[in-house]
Amino acid sequence: SAKLADCRLAMMAIIGMFFQDGLTGSAWGDWALYGASPLRAFENELGVQEPVGFWDPLGFTADGDLLAFKRRRCVELKHGRICMLA
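This structure is a prediction, so every number in the text was calculated from the model and none was measured.

**Remarks on the overall build of the protein**
No. 1: Helix and strand counts for the protein stand at two helices and zero strands.
No. 2: Across the 86 residues of the protein, 10% fall into the buried class.
No. 3: The long-range share in the protein, meaning contacts at least 24 apart out of those at least 6 apart in sequence, stands at 14%.
No. 4: Only carbon and sulfur atoms are counted for the fraction: they give 65% of the accessible area of the protein, which is about 7,200 Å².

**Side note on the pattern of salt bridges**
No. 1: Counted according to the given criterion, the structure contains one salt bridge.
No. 2: A salt bridge links Arg73 to Glu76; its shortest N-O distance comes to 3.9 Å. With Arg73 and Glu76 both in helix 2 (residues 66-85) and three residues apart, this pair spans about one turn of that helix.
No. 3: The exposure class assigned to Arg73 is partly exposed, which follows from its relative accessible area of 23%.

**Regarding a nonpolar patch on the surface**
No. 1: On the surface, Met11, Ile14, Ile15 and Phe18 cluster together into a nonpolar patch covering about 410 Å² of accessible area.
No. 2: Of note, Ile14 is situated in helix 1 (residues 2-24).

**Quick look at helix 2**
No. 1: With 20 residues, helix 2 ought to run about 28 Å at 1.5 Å a step, and its terminal C-alpha atoms sit 29 Å apart, in line with that.
No. 2: In this structure Asp65 caps helix 2, since a side-chain oxygen of it lies 3.3 Å from the backbone nitrogen of Leu67.

The rules behind each value
Residues numbered from 1 in each chain as written. Predicted model: local features only at pLDDT ≥ 70, side-chain atom pairs only at ≥ 80, totals over all residues. Heavy atoms only, no water. Helix = DSSP H or I, 4+ residues; strand = E, 2+ residues; numbered from the N terminus. Buried < 20%, exposed > 50% of the residue type's maximum accessible area, 1.4 Å probe, protein only. Contact = heavy atoms within 4.5 Å. Areas by Shrake-Rupley, 256 points an atom, 1.4 Å probe, with all protein chains shown as cover. Salt bridge = Lys/Arg side-chain N within 4 Å of Asp/Glu carboxyl O. Patch = residues over 30% accessible without salt bridge, like charges linked within 9 Å, V, L, I, M, F, W, Y side chains within 5 Å. Expected span 1.5 Å × (residues − 1). Polar contact = N/O pair within 3.5 Å; in protein donor to acceptor, adjacent residues only side chain to side chain.

This is the structure:
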């Protein structure tokens, strides 16, 4: 059972490396090679922190739409404030 879980994790890791290799040209993550990406459109926004940078795992901002980004940022702040009140 543990061996099966480890195998599944290894398969997911190699798929991630293949994806990263296709995205950046390097399986070891040289993000500097992919500078013209819409994924980097919001790298200079408030809240972006090292080592992750701008983190959008579901790709909501992949299109680079600034108005949609600002609306989502406002909604995120509103939800965070409601959670703090709770």
